[in-house]
Amino acid sequence: MCTITTHAVTLEKKLDQGNLRLIPLCDEHLPYLYRWNSDTDVLYWTEADDVIEPYSPETVRAIYGGVSKNAFCFLAQLDDKPIGECWLQRMNLPKVRSLYPETCDVRRIDLCIGEKEYWGKGIGTEMLALLVRFAFEQEKVDVLRCFSEDYNLRSRRAFEKNGFSLVLSEPVSTPSQKRNVEYHWELTKEDFLSFSG
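A.B. asks: Looking at this structure, I do not really get the overall build of the protein. What am I missing?
C.D. replies: Across its full length, the protein holds seven helices and eight strands. On C-alpha atoms alone, the protein measures out to a radius of gyration of 16 Å, which is about the 16 Å that the 2.2 N^0.38 rule sets for 197 residues. Each of the three principal axes of the protein carries a C-alpha extent, and together these read 40 × 40 × 35 Å. Taking all contacts inside the protein whose residues are at least 6 apart in sequence as the whole, residues at least 24 apart take part in 61%.

Structure (structure tokens):
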């Protein structure tokens, strides 16, 4: 039995750095996920909570197996080299879901570049752009609601560059040296159409 529920969608875009492809995440990609989720430098940026221990293979399988049931999960490749992962997920936070009408299709995007030599090159912004376009043009999503914390300025810039508006800043329930404020970013279908021209 497969851990990751997969799909048949591939997204791609030509960048200055090479060809960016988001391919369906599947069980054969688990070794990459194990490696990235055992690197505490990577986990520092992808997890809001302080992570001092690498994630075990069992934890990794539980995370991606669970998320993939309600999401399009992708492996990100640059010129066929796996560099990270991302997903477009149905909103899974009841507090956020309650802010919108029941008939509204609300989703979130999460992403990670696991290969550190690709950090700070704008690739995360381009991964986000591909998922945003897929969400609104193919999935007909009504609104995207995404999250970042005060320590992750790159994430904030990626949302801003893709037309998201900051709609909420709130103190985290358990502040730490790493984070004190959580930001909520929103992009509606109408704003996407205006932003993308």
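That covers the picture; the talk isn't over yet.
A.B. asks: I'm lost on the nonpolar core in this one. Help?
C.D. replies: Where a protein is soluble and globular, its nonpolar side chains tend to be buried together. The biggest cluster of nonpolar side chains holds 34 residues, and the ones touching the most others in it are L22, F74, I123, V132, L144 and F164. Ignoring anything within four residues of it in the chain, the contact list for F74 reads H7, V9, L11, L22, I23, P24, L25, G84, E85, C86, L131 and F134. I23, L25, W36 and L75 belong to the second-largest nonpolar core, a separate cluster that totals 13 residues.

A.B. asks: Even after reading the chapter, I still don't get the sheet that holds strand β5 (residues 106–113), so can you show me in this structure?
C.D. replies: Strand pairing in a sheet relies on backbone hydrogen bonds. The paired strands run either parallel or antiparallel. Read across the open sheet, the eight strands follow the order β1-β2-β3-β4-β5-β6-β8-β7; overall the sheet is mixed. The strands lining the two open edges of the sheet, one partner per strand, are β1 (11–15) and β7 (165–171). On average, adjacent strands in this sheet sit at an angle of 25 degrees to one another, irrespective of strand direction. Two elements, β5 and strand β6 (residues 143–149), share two bridges in a ladder whose sense is parallel. Bridging from a neighbouring strand, V106 pairs with V143 of β6. Here helix α5 (residues 123–138) sits on the sheet in contact with β1, β2 (18–24), β3 (71–78), β4 (81–90), β5, β6 and β8 (181–188), set at roughly 155 degrees to β5. The sheet contacts of helix α6 (residues 153–161) involve β6, β7 and β8, and relative to β6 the element is tilted by about 155 degrees.

A.B. asks: Explanation requested: the packing of α5 against helix α7 (residues 189–196) in the structure shown.
C.D. replies: Think of two packed helices as two axes; the pair is described by the angle between the axes and how far apart they sit. Contact pair α5 / α7: the axes reach a minimum separation of 11 Å and the direction vectors enclose 120 degrees. Read as a crossing pair, α5 and α7 show a hand that is left-handed. Taken together, the residues of α7 that come into contact with α5 (itself represented by V132, R133, F136 and E137) are K189, F192 and S196. Split by residue class, the contact of α5 with α7 holds three nonpolar, one polar and three charged.

A.B. asks: Explain α6 here, please?
C.D. replies: Given 3.6 residues to a turn, an α-helix orients residues that are three or four positions apart in the same direction. Considered for burial, the residues of α6 that qualify are S155, A158 and F159. Considered in projection along α6, the buried side chains sweep an arc of 95 degrees and stay on one side of the axis. Residues of α6 that are exposed and point more than 90 degrees away from the buried face comprise L153 and K161. Looking at the buried side of α6, the elements it contacts are α5, β6 and β8. Taken from the residues just after α6, G163 is the one with a positive phi, measuring 90 degrees.

A.B. asks: Whenever I open this one, the pattern of salt bridges confuses me. Can you help?
C.D. replies: Once their charged atoms are close, side chains differing in charge can pair, the charge on each being opposite to the other. Counted by the stated rule, this structure contains 16 salt bridges. Here E126 makes a salt bridge to K13, at a shortest N to O gap of 2.6 Å. Highlighted residues: E126 in helix α5 and K13 in strand β1, separated in sequence by 113 residues. The salt bridge involving K189 is made with D142; its shortest N-O contact spans 3.4 Å. With K189 in helix α7 and D142 in the loop between α5 and β6, this pair connects stretches of sequence that are 47 residues apart. Owing to a relative accessible area of 25%, D142 belongs among the partly exposed residues under this scheme. Residues joined in a network through salt bridges with shared partners are R90, D105, R107 and E139.

A.B. asks: What exactly am I supposed to notice about the environment of D191 here?
C.D. replies: Mapped onto the fold, D191 is located in helix α7. Given the relative accessible area of 36%, D191 is considered partly exposed. Here the alpha-carbon distance between D191 and Y64, two residues 127 residues apart in the chain, equals 30 Å.

Analysis parameters
- Residues numbered from 1 in each chain as written.
- Predicted model: local features only at pLDDT ≥ 70, side-chain atom pairs only at ≥ 80, totals over all residues.
- Heavy atoms only, no water.
- Helix = DSSP H or I, 4+ residues; strand = E, 2+ residues; numbered from the N terminus.
- Rg over C-alpha atoms; globule rule 2.2 N^0.38 Å.
- Contact = heavy atoms within 4.5 Å.
- Core = buried A, V, L, I, M, F, W, Y, C linked by side-chain atoms within 4.5 Å.
- Buried < 20%, exposed > 50% of the residue type's maximum accessible area, 1.4 Å probe, protein only.
- Pairing = 2+ DSSP bridges.
- Axes fitted to C-alpha atoms, helices over the stretch in contact; angles between N-to-C directions.
- Left-handed = near helix turned anticlockwise from the far one by under 90°.
- Nonpolar A, V, L, I, M, F, W, Y, C, P; charged D, E, K, R; others polar.
- Arc of directions from axis to C-beta.
- Salt bridge = Lys/Arg side-chain N within 4 Å of Asp/Glu carboxyl O.

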